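# Secondary and tertiary structure notes
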Amino acid sequence: MAADPRGKAETLALRRRLLSDSCRLFYPEDPIKIVRGQGQYLYDEQGAEYLDCINNVAHVGHCHPLVVQAAHGQNQVLNTNSRYLHDNIVDYAQRLSETLPQKLCVFYFLNSGSEANDLALRLARQYTGHWDVVVLDHAYHGHLSSLIDISPYKFRDLDGQKEWVHVAPLPDTYRGLYREDHPNPAGAYAGEVKRVVNSVQEKGRKIAAFFVESLPSVAGQVIPPAGYFPEVAEHIHRAGGLFVADEIQVGFGRVGKHFWAFQLQGEDFVPDIVTMGKSIGNGHPVACVATTQAVARAFEATGVEYFNTFGGSPVSCAVGLAVLHVLEKEQLQAHAASVGSVLMELLRQQKAKHPIIGDVRGIGLFIGVDLIKDEATREPATEEANYMVSRLKENYILLSTDGPWRNVLKFKPPMCFSVDNARHVVAKMDTILTDMEEKVRSCETLRLQP
Ligand SMILES: Cc1ncc(COP(=O)(O)O)c(C=O)c1O
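A brief report on the enclosed structure follows. Predicted model, so just to flag it, every value in this text is computed and none were measured. (Residues numbered from 1 in each chain as written. Predicted model: local features only at pLDDT ≥ 70, side-chain atom pairs only at ≥ 80, totals over all residues. Heavy atoms only, no water.)

If you trace the four strands from one edge of the open sheet to the other, you get E11-E12-E15-E14, paired in antiparallel fashion. The outermost strands of the open sheet, each flanked by one partner alone, are strand E11 (357-363) and strand E14 (400-402). The average undirected angle you get between the axes of adjacent strands in this sheet is 30°. Here strand E12 (residues 366-371) pairs with strand E15 (residues 408-411) via four bridges, running antiparallel. The partner of aspartate 370 across the bridge, within E15, is valine 408. Together, E12, E14 and E15 form the strand contacts of helix H12 (residues 382-394), whose direction differs from that of E14 by roughly 155°. (Pairing = 2+ DSSP bridges. Helix = DSSP H or I, 4+ residues; strand = E, 2+ residues; numbered from the N terminus. Axes fitted to C-alpha atoms, helices over the stretch in contact; angles between N-to-C directions. Contact = heavy atoms within 4.5 Å.)

Looking now at the site of the ligand. Taken together, 13 residues are adjacent to the ligand, and Gly113, Ser114, Asp246, Gln249 and Lys278 come closest. Within the contact set of the ligand, an oxygen atom lies 2.5 Å away from a side-chain nitrogen or oxygen of serine 114. In this structure, aspartate 246 approaches the ligand through a side-chain N or O atom, which is 2.8 Å from a nitrogen atom. When the free accessible area of the ligand is taken as 390 Å², the share hidden by the protein chains comes to 85%. (Near = heavy atom within 4 Å. Polar contact = N/O pair within 3.5 Å; in protein donor to acceptor, adjacent residues only side chain to side chain. Areas by Shrake-Rupley, 256 points an atom, 1.4 Å probe, with all protein chains shown as cover.)

Moving on, we get to the packing of helix H3 (residues 87-99) against helix H10 (residues 314-329). Direction vectors running N to C along H3 and H10 enclose 35°, while the axes themselves pass 8 Å from each other. Note on packing geometry: the crossing formed by H3 with H10 is left-handed. Together, Asn88, Ile89, Asp91, Tyr92, Arg95 and Leu96 of H3 and Pro314, Cys317, Ala318, Gly320, Leu321, Leu324 and Glu328 of H10 make up the contact between the two elements. The residue makeup of the contact of H3 with H10, split by class, is eight nonpolar, two polar and three charged. (Left-handed = near helix turned anticlockwise from the far one by under 90°. Nonpolar A, V, L, I, M, F, W, Y, C, P; charged D, E, K, R; others polar.)

Our next topic: the sheet that holds strand E6 (residues 165-168). Taken in spatial order, the seven strands make up an open sheet running E4-E10-E9-E8-E7-E5-E6, and their pairing is mixed. Looking at strand neighbours, the two that pair on one side only are strand E4 (106-110) and E6, the edges of this open sheet. Strand-to-strand, the axes of this sheet are offset by a mean angle of 20°, without reference to chain direction. Summarising the sheet, strand E5 (residues 132-136) and E6 pair through four bridges and their orientation is parallel. Bridging from a neighbouring strand, valine 134 pairs with histidine 166 of E6.

Structure representation (C-alpha cells):
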C-alpha cells in the first residue's frame, strides 16, 4: 500500500479551504483519494483497487513504465525550450507525420488541448482572413476565453452566444433531428451546416472555420454518420473556411479501426487542421496542432514568431515518442478494436435485457450507453444514470456520465482495458440494473419485455 501521511478527511478540508469550488471533484458527496495508478487501475489511500473506465488521458495505462522512464531519462540530461536544435522534436514530428495523411505535414507543439484549439483558431483566421466559427451544439473545445466562446456546452450557462459563433445541430442519429430511420442522415445533417453557412453569409459575415470533435464526446458519446464530414467540409470550403478536427479525446488509435477518428468518415477525408491533446502525453502536458503547408505559410507571413515556453521541449517530445512506441509495441489500436467489440456486444445484450438502456453506440474503446425513462419519447434517465455511477463506485468501478442531460454512461478507458475488465463491469451493471428495475419507480413506465 502507498504511504498516506495525511488522512483523507484532512486532505478534503485543506482542499475546500485552499482551492476554488469551481474545481470540482468526482463523487463530491464522498470523493476518492487516489495515491497510485497502474495500467487500468487506480488505488486509494487504503490500497483499494478501482477499475478505471474513463481516463482516456492515461492512454497506454497509468504510469506506463516506458513513458515514465522516457521522461525521467530525458529530464536527467536536458529540458529546455524549442529554440535550440534538438533531435527529439524532429523525430517526434516525423513519427506523428507517419500516422497522418501526407497533407498534414507541419506541426506545432503545445501544452494542452485548449492551447491547441486556440492556435487552430488563430491559424484559421490568419489563413482565411475571416473571423466567424461554426460549431456543433453541446460541443466543448477548451477552457480558454476564445474556446469557451465556441463551446455551447459552456457558453449556454454563461453570457451566451457571441455574434461570430454559429451553432449547427449535433449529428446524433439517436436523439437528434434526423434519426436511425432517416435514409441519409449524413446528407441531412450536412445540409443543416449548409443552412447555417448560408444564414451567416446573408448577414455579410465570413466563416474562418468549422470546429468539430471527430466523435462528439461531452455531447453524449455521439457517432456522426459516415460521410458527414466530407460533405460539411465542402460547404465550409465553399464559404472560404477551414475544417478543424479536434482529436483531443478520441485520437491515437482509440477507435481501433483507424489511428485517427476523423478517418471513420471516409478513407480520403482530410481535415485542414487536426488538434491533439490529453492521450498524446499519457498524463504529461503535451499537445499538438498539425496542418498543411499552405496554412502554416499564411501564419508565417505575419512575421510574428510563435513561441511556447514548454511546448515541444525535449522531455515532452520524449514522452510523446514513448507513447507512440508503446502503442505500436503493445498493438493497442488492434487491442482497442477487439476489446471494444466484445464490450459493445456485452452491452447490447444488456440492452435486450434492460429496457432502461435506449441505445448502445460506439467504436473501439469509445462507447456510450444512453439511459432512457421511456422507449417512445427517449426521455433521458438522468437520475438513474447518476445512481448507476454511484453504485458502480461502491463496486470499485469508475465510470461517469456525459451528454446534455448527463444520462449517457461513457466508456473511454486506458487502452490496456481487457476483455476480463469488460466482462466484470458489464456483470456489475447487470446486477445494478436488475436491482433498479425493482426499486426505481420511473422504470415501471418502461416496457417490461424486450
Ligand atoms: C474535445 C476537447 N477539446 C479540448 C479540450 C481541452 O483540453 P485541455 O483540458 O487539455 O485544455 C478538452 C478537454 O476536456 C476536450 O474534451
